[in-house]
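Close look at the chain arrangement
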Amino acid sequence: MDFQIGLVVAGLFVGFVVGMTGVGGGSLMTPILLWFGIPPTTAVGTDLLYAAFTKMGGVYVHNKKKNINWKITGWLSLGSVPAALFTLWILESIKTDVTALNALIKYSLGWALLFTSIAILFKKKIMQFSQKHAGDKFHYESTTQNILTVAIGVLLGATVTLTSIGAGALGTVTLFFLYPLLPTPKLVGTEIAHAVPLTLVAGIGHASMGNLDLGLLGQLLLGSLPGIYMGSMLSGKVPDLFLRNAIAIMLFMVGYKLVF
């Protein structure tokens, strides 16, 4: 792919937003790539590896701050990695023509964006609800909790592999429901740690199907790595609510356009 400064700027912007809010990696990057005229299959494949590399840095920082619950990460991965492999196998074996596959991915992408935007908008309400019910019997039965965590992993594995979206926002919101007493930094850290193996497996799978553009990946990383660093440094300086709501509204509009 030819060098385009616009793609480096896009990487910088997405990295900055992710560093600042912890939201919006794939859900912002994939629509931006579609806007640049990149086919949905290539956009998803490239974005997955982009996410894996950018989140590795996040894992390093969060682990140093002891913000990762590795047990929850393990249960999630137990569901998500096999689900990702199964989804890849289905995509590979339906051997449909690229146009049909692109259409399917675009449609799934739209729904994933709509759900993500709702998850971001109502995050606080969902948190309050889950914390109110934190004493319920359900949260004490660790076996039930583990099985549900694996089930959420399966759901995320399939969604993320198909659309490259959902690991961040949808993952965090579903974890709020299951682990309402887990502090937010730990939730975010755990979610990022889980996203790395998932996006890596899904990304390598897509790459083996030819859905990867290395030149494009390089340009995005060139912008996003400094972007994430700057965003992390400024985190907390800009009202979080304002940023999150702006992102949610933007994602809703893009999702709506892709579906309807």
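Report follows, based on the coordinates.

Definitions and limits used
- Residues numbered from 1 in each chain as written.
- Predicted model: local features only at pLDDT ≥ 70, side-chain atom pairs only at ≥ 80, totals over all residues.
- Heavy atoms only, no water.
- Helix = DSSP H or I, 4+ residues; strand = E, 2+ residues; numbered from the N terminus.
- Rg over C-alpha atoms; globule rule 2.2 N^0.38 Å.
- Contact = heavy atoms within 4.5 Å.
- Areas by Shrake-Rupley, 256 points an atom, 1.4 Å probe, with all protein chains shown as cover.
- Lys, Arg positive; Asp, Glu negative; His and termini not counted.
- Charge placed at Lys NZ, Arg CZ, Asp CG, Glu CD.
- Buried < 20%, exposed > 50% of the residue type's maximum accessible area, 1.4 Å probe, protein only.
- Salt bridge = Lys/Arg side-chain N within 4 Å of Asp/Glu carboxyl O.
- Axes fitted to C-alpha atoms, helices over the stretch in contact; angles between N-to-C directions.
- Parallel < 35°, antiparallel > 145°, perpendicular 65-115°, else oblique.
- Left-handed = near helix turned anticlockwise from the far one by under 90°.
- Core = buried A, V, L, I, M, F, W, Y, C linked by side-chain atoms within 4.5 Å.

Focus on the overall build of the protein chain
When helices and strands are tallied, the protein chain shows eleven helices and zero strands. Listed by position from the N terminus, the elements making up the protein chain come as α-α-α-α-α-α-α-α-α-α-α. Taken over the C-alpha trace, the protein chain has a radius of gyration of 17 Å; the compact-globule value for 260 residues is 18 Å, and the two agree within 12%. Taking the principal axes of the C-alpha coordinates as reference, the protein chain spans close to 55 × 45 × 35 Å. Long-range contacts, defined here as pairs at least 24 residues apart, represent 86% of the contacts in the protein chain between residues at least 6 apart. Surface accessibility of the protein chain: about 12400 Å² in total, with carbon and sulfur atoms responsible for 72%. Taking the average location of the 16 positive side-chain charges in the protein chain and that of its 9 negative ones, the two points are 13 Å from each other.

A few points about the side chain of Glu191
In this structure, Glu191 sits in helix α9 (residues 184-208). An unpaired buried charge is present at Glu191: no salt bridge exists, and Lys55, the closest side chain of opposite charge, is 4.7 Å distant. Once residues within four sequence positions are removed from consideration, Glu191 is found in contact with Ala167, Gly168, Gly171, Thr172 and Leu175.

Brief notes about the packing of helix α5 (residues 98-121) against helix α7 (residues 142-163)
The interhelical angle for the contact between α5 and α7, taken along N-to-C directions, is 125 degrees, at an axis separation of 9 Å. When the axis of α5 is compared with that of α7, the two are oblique. Considering the relative orientation of α5 and α7, their crossing is left-handed. Counted together, Leu104, Ile105, Ser108, Leu109 and Ala112 of α5 and Thr159, Leu162 and Thr163 of α7 form the full contact between these two elements.

Remarks on the nonpolar core
Formed by 26 residues in total, the largest nonpolar core has its most connected members in Leu33, Tyr50 and Leu220. Secondary-structure elements contributing two or more residues to this core are α1 (5-21), α2 (25-35), α3 (40-64), α5, α10 (214-234) and α11 (240-259). The greatest single-element share of this core, amounting to five residues, is contributed by α2. Ignoring anything within four residues of it in the chain, the contact list for Tyr50 reads Gly11, Val14, Gly15, Met29, Leu217, Leu220, Leu221 and Ser224. If you look at the next biggest cluster of nonpolar residues, it comprises 15 residues, including Leu76, Ile126, Leu170 and Val173.

In short, the description is geometric, and any link to function would need to be established separately.
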